[in-house]
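Secondary and tertiary structure notes
Listed here are the chains, written in short residue letters.
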Amino acid sequence: MMDIDSQTDMELSGDPQMLPPTPGTFVDREELIQHVGEFAVSQGYVVTIKQSKKDKVVVLGCDRGGVYRDRRKSKDQSYGEPSRKRKIGSRLTNCPFECVGKKDDGLWVLILKNGTHNHEPIKDISEHPAARRFSEKEVLLIKEMTEAGLKPRQILKRLKQNNPELLSTPKHVYNIKAKLRQGNTTVRMFKSLKPEKCAARKSHLSNTEPSWRQCYPQRISNLIGGRFVDSESFASIDVINPATQQVISQVSLTTNEEFRAAVFAAKRAFPSWKNTPLNIRQRIMFRLQELIERDLDKLAMTISTEHGKPLKYACDDVVRGLEALEYTCGLGSLQVGEFVSNSSDGVDSYSTTEPLGVCAGICSFDFPAMIPLWMFSISVMCGNTYILKPSEKDPGAAMLLAELAVEAGLPSGVLNIVHGTNDIINSICDDNDVKAVSFVGPKTAAVYVHTRASATGKRVLCNVGGKHHAVIMHDASMDTTVGTLVAAGFGCAGQKCVAICTVIFVGNSTLWVDKLVEHAKALRVTAGTEPCADVGPLISKQAQERMCRLIQTAVEAGARLVLDGRNTMVHGYEQGNFIGPTILTGVTTEMECYKEELHGPVLLCMQVDSLEKAIEIINQNKHGQAASIFTTSAMAARKFQTDIEVGQIGINVPASASFPYSSLMTLRPNFSSDLSDDGKTWVEFYTKTKRVRRQWGDLQIQSEGTSSHVMDAFC
C-alpha cells in the first residue's frame, strides 16, 4: 500500500491518485500478471515485467508512459542555475511502483512492495508508447513466429521487412508475448487441439506448412481457471486411433498441484456464479447449444477418430448430449421452492434450492460427448462450478466442448478439466472442497469410487454399465425384429451400456439365428471415419484381446460359434482393433461370457420354453439394467412389463438411454442413492434445500396475549 506521506503529497498537488492492485492468491503466474495488468490499465498506468523466474517469482513494475510530472526545483530554489529542458511526454526511468508474485505451495501470491508513482496517470491508454507499436496483424504474426521458436530479435527483423518505420525494440516484442500468454489481446487465449492456418501469414514467411504446425502428437492440456494450461507432468498417455494405431495426441497426467489449482479456481468462481441470475446462465447455455450445432461435424469426427464408432453413431452421441443441454436451458421451473403462508400465526414458511458448490464428474469412454454434457451442463446451470475428468482414451470431444463453453461466455473457473487415471480419481474422491461426484463406468470402479468418495461425506452418483436382454416371442415380426437386434447389438461395436448383448428366444430359435447371421454378415466392418462404416474397431487392443478370450472360453464351455468375427481383416486398416459381428448359441447362465459385461459386437443366444423362464433368467442376472420384449401379444408385453425387475424396458423397441426430460432410473443398485443422473433427479442431486420460517415486525398473537416467538419455542 502507499505510505501516508506520499499519498498526502499527491492529494495536495492535485494529481489524480493511481491505486495499486489488491494483493491476493492466484492459480498461476499468467493469471496474476493479467490481474495486475488489467487493474493497472483501469488506473491509468501500464505494468511490465522487470524480472522473472518462471516457476518461482515475477517482479512487476510500471512501464512509464504518462505525462511527465515536473519535479524540478522552482527558480527561487535553483539558485540561478539554468533549468534543464525535457520533452513533453518524455518517459521517466525510475518509477518506484513495484509488486512481486511468488509461488507458494502450488499457488501464486501477490505482494505489493511499493504502490506509489512519480508521474501522472494516462488519460488515454492508447497514447502509451507500447500501445501503438504493433497492429493486430503484427500481433498475430508475433504469435505465429513465437510458436515457431523465433527469438524476439528475429521476430523484429522480419516485421521490419514489411514496416521499415517500426520503432519497436525486442523488449516490446517480449511484452506482446507476455500479453498473448495473458489473453489480453484479440487473439484467442486458448490452444486449439488441431492447429489452423492463420490468415495473416505474409509472403515473406514460408508458403508451405511449417514444421512446428506439423508437430504430433499434440499434448492435451488442462482447463484451469478459464485457461488451457499445459501440464508440468512428464507422464502422459497416448490417445490412439483404434483403426490405425496412430498416436493422435498425448494426455499429460494432471499433477497434484494442478488439481489443487483447478479446485481453487472452481471454489473461487462459485460465489459469483451462484449469484448470477438464472436468465444469464440460460443465455450462456443457449449460446453453447448454438456453437455445438455449428461444430457438430467436427465433434463427430473427433469422436470417431478417437473412439472408433462410425460417424452416424458419433453424430447421435453429440445429438443426445444436445438434448440434455436443451433440457438444461429450461431448468428454471425445477429450481423453485415451496411457500406456505401463515403456517403459524403471523409466520410464513418456505423453502429454497441452492447449489452445492464445487462438483466433479468422472467420465467413461463410450459416449465422449453425451456423458460430459449430461454431467456439467445440469450442474453448472444449477449454480455449481465443475471439475470434469474425461476418459483418457478419448478426451478430444470433451476438450472441444470446453473450448466452445469458453467461447460461449462461461466465466473463468466455472468449468475446469483435469486428466489422469487412478491418482486423479483418488484426489477427486478425497478433496474436502468437492461436494458431489458423478461417475459413469464399470461396476467394479463404481464400487471403489462410491466407497472412497462417500467416506469424506460427498454426494455420490455412480451410473454403472450392465446387460441388456431381449426376449423374442414366437409371434414377433421376424424381419423388423432381426433388423432391430442387429442394429442394437452391433452398433458402436457393442461399446455402449444399452447395447443388446443377450437374446432369449421363447420356443424354437433356428430360423431366427439363421436370419440374424444373414443380416450380421451384411454389415460393413471398417474404420469409423469411413462413410460406409456399420461396425468400427474396439477402443483398444486390451478390449479386443478380452473379447477374443471371452468368445474362446464360451466355445470351450460348450457354446456354438455360428458367426466368428475374431479374424476380421479390414483392407487399409490391418492394424485396427477389429472384431466383426459374432453370434454364439447354446449359451447358459453359468458361462463367463454371460456373467461378465461384454462391451463388444457379440450376441449371446439362449432358448427357453416359456416367458416366465425368460423373466426369471433376466431377474437373476446382477448386471441386468435394461430389457426388451418383441411380440404382438399385448398380454405377454404387459406380463413382461409387470414382472421384470429392471428400470428400463422396451416393448418392440430396444430400451435405450433415457431422455433428459424423463426421470427414468434403474431398479438395480447404482451405489449412490435412489437418485439417477437423468431427468428431474439431476436437479435434486446437484442442489440442496433450505427451509425458512419468517415473521415481519413485532406481530403479537391476539389470543391470550402470547407473542409468536414464545409459541414457536414449543413447536
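Just above, that's the structure.
Just so you know, these numbers come straight off a predicted model, no measurement behind them.

1. Points about the overall build of the protein chain
- Helix and strand content of the protein chain: 21 helices and 25 strands.
- Looking at the 715 residues of the protein chain, the share that counts as buried comes to 53%.
- When contacts within the protein chain are restricted to residue pairs at least 6 apart in sequence, those whose partners lie at least 24 apart make up 71%.
- Total accessible area computed for the protein chain in this model is approximately 33700 Å², and 51% of it derives from carbon and sulfur atoms.

2. Here's the deal with helix α6 (residues 256-274)
- Here α6 is 19 residues long and its end C-alpha atoms lie 27 Å apart, about the 27 Å a rise of 1.5 Å per residue gives.
- Its maximal kink placed at Arg268, α6 deviates by approximately 25 degrees, while the proline Pro271 follows within four residues.
- Taken together, the buried positions of α6 are Glu258, Phe259, Ala261, Ala262, Val263, Ala265, Ala266, Ala269, Phe270 and Trp273.

3. What to know about the pattern of salt bridges
- Tallied over the full model, the rule gives 19 salt bridges.
- The partner of Glu323 in a salt bridge is Arg320, with the nearest N and O atoms 2.9 Å apart. Of the two residues, Glu323 and Arg320 both sit in helix α9 (residues 311-328), three residues apart, roughly one turn of that helix.
- Residue Glu323 is classed as partly exposed on the basis of its relative accessible area, which comes to 22%.
- Residues Asp564 and Arg566 are paired through a salt bridge, measuring 3.0 Å at the closest nitrogen-oxygen approach.
- One salt-bridge network, held together by shared partners, links Lys274, Glu354 and Lys690.

4. Here's the deal with the nonpolar core
- Ranked by size, the top nonpolar core spans 65 residues in total, and within it Val471, Ile472, Leu516, Ile583, Val587 and Phe640 carry the most contacts.
- Residues contacting Ile583, with those up to four places away along its chain left out, are Phe490, Leu516, Val517, Ala520, Arg560, Leu561, Val562, Leu563, Leu603 and Cys605.
- Counting residues in each nonpolar core, the second largest holds 61 residues, with Met399, Ala402, Val414 and Ile417 among its members.

5. So, the sheet that holds strand β24 (residues 648-651)
- As summarised here, the arrangement of the seven strands in space is β20-β21-β22-β19-β18-β23-β24, forming an open sheet in which the pairing is mixed. Each edge of the open sheet is held by one strand with a lone partner, namely β20 (560-563) and β24. Between one strand axis and the next, the sheet turns by 25 degrees as a mean value, whatever way the strands run.
- In this structure, strand β19 (residues 500-506) lies alongside strand β22 (residues 602-608), joined through five bridges in parallel fashion. The residue bridging Val503 from the neighbouring strand is Cys605, located in β22.
- Contacts from helix α16 (residues 541-556) reach β20, β21 (582-585) and β22, with the element oriented near 25 degrees to β21.
- Helix α18 (residues 611-620) rests against β18 (467-472), β19, β22 and β23 (624-630) of the sheet, and its axis sits at about 155 degrees to β19.

6. Quick word on empty space enclosed by the protein
- Under the definition given, this model contains four cavities of 30 Å³ or more.
- The computed volume of the largest cavity comes to approximately 90 Å³.
- Its residues assigned to classes, the lining of the largest cavity comprises four nonpolar, five polar and three charged.
- Quantified by volume, the second largest cavity comes out at close to 50 Å³.
- Along its surface, the second largest cavity is lined by Leu223, Gly226, Ala402, Ala405, Val406, Leu410, Pro411, Ser412, Gly413 and Leu415.
- For the lining of the second largest cavity, a count of residues per class yields seven nonpolar, three polar and no charged.

7. Quick look at the packing of aromatic side chains
- All told, the structure shown has four aromatic pairs when counted by the stated rule.
- Ring pairs connect the aromatic residues Tyr386, Phe685 and Tyr686, which therefore count as one cluster.
- Lying over the aromatic face of Trp273, Arg281 brings its terminal NZ or CZ to 6.0 Å of the ring centre.

8. What to know about the sheet that holds strand β4 (residues 98-104)
- The five strands are arranged β1-β5-β4-β3-β2 in an open sheet whose pairing can be described as antiparallel. Each of the sheet's edge strands pairs with one partner strand only, and the pair in question is β1 (25-26) and β2 (47-53).
- By the bridge criterion, five bridges tie strand β3 (residues 57-62) to β4 in an arrangement that is antiparallel. Pairing of Val59 across the sheet is with Val100, part of β4.

9. Notes on the packing of helix α7 (residues 278-294) against helix α11 (residues 396-408)
- Where α7 meets α11, the closest approach of the two axes is 9 Å, and the angle between their N-to-C directions is 130 degrees. Put simply, α7 runs oblique to α11. For the crossing formed where α7 meets α11, the hand is right-handed. Across the interface between the two elements, Ile284, Arg287, Leu288, Leu291, Ile292 and Arg294 of α7 pack against Leu401, Leu404, Ala405, Glu407 and Ala408 of α11.
- Residue composition of the contact of α7 with α11, by class: eight nonpolar, no polar and three charged.

10. Quick look at the pairing of strand β5 (residues 107-114)
- Of the strand pairs in this sheet, β1 and β5 are connected by two bridges, and their pairing is antiparallel. From the neighbouring strand, Thr25 faces β5, where its bridge partner is Val109.
- As judged from the seven bridges shared by β4 and β5, these two strands associate in the antiparallel manner. Bridge pairing links Glu98 to Asn114 in β5.

11. Side note on the side chain of Thr582
- Along the chain, the position of Thr582 falls in strand β21.
- On the basis of relative accessible area, Thr582 is assigned to the buried category, the value being 0%.
- At 3.1 Å, the side chain of Thr582 forms a polar contact with the backbone nitrogen of Gly565.
- At 3.0 Å, the side chain of Thr582 and the backbone oxygen of Gly580 are in polar contact.

12. As for the side chain of Ser427
- When you line up the elements, Ser427 lands in helix α12 (residues 422-430).
- Since its relative accessible area comes to 19%, Ser427 is described here as buried.
- The residues contacting Ser427, other than those within four sequence positions of it, are Asn256 and Phe259.

Procedures and definitions
Residues numbered from 1 in each chain as written. Predicted model: local features only at pLDDT ≥ 70, side-chain atom pairs only at ≥ 80, totals over all residues. Heavy atoms only, no water. Helix = DSSP H or I, 4+ residues; strand = E, 2+ residues; numbered from the N terminus. Buried < 20%, exposed > 50% of the residue type's maximum accessible area, 1.4 Å probe, protein only. Contact = heavy atoms within 4.5 Å. Areas by Shrake-Rupley, 256 points an atom, 1.4 Å probe, with all protein chains shown as cover. Expected span 1.5 Å × (residues − 1). Bend = angle between axes of the 7 residues up to and from the residue. Salt bridge = Lys/Arg side-chain N within 4 Å of Asp/Glu carboxyl O. Core = buried A, V, L, I, M, F, W, Y, C linked by side-chain atoms within 4.5 Å. Pairing = 2+ DSSP bridges. Axes fitted to C-alpha atoms, helices over the stretch in contact; angles between N-to-C directions. 1 Å grid on protein atoms, 1.4 Å probe; cavity = no way out; pocket = protein on both sides within 12 Å on 5 of 7 lines; lining within 4 Å. Points joined across faces, edges and corners; volume = space filled by probe spheres on them. Nonpolar A, V, L, I, M, F, W, Y, C, P; charged D, E, K, R; others polar. Phe/Tyr/Trp six-rings, centres within 6.5 Å; stacked < 30°, edge-to-face > 60°. Lys NZ or Arg CZ within 6 Å of the ring centre and 35° of its normal. Parallel < 35°, antiparallel > 145°, perpendicular 65-115°, else oblique. Left-handed = near helix turned anticlockwise from the far one by under 90°. Polar contact = N/O pair within 3.5 Å; in protein donor to acceptor, adjacent residues only side chain to side chain.

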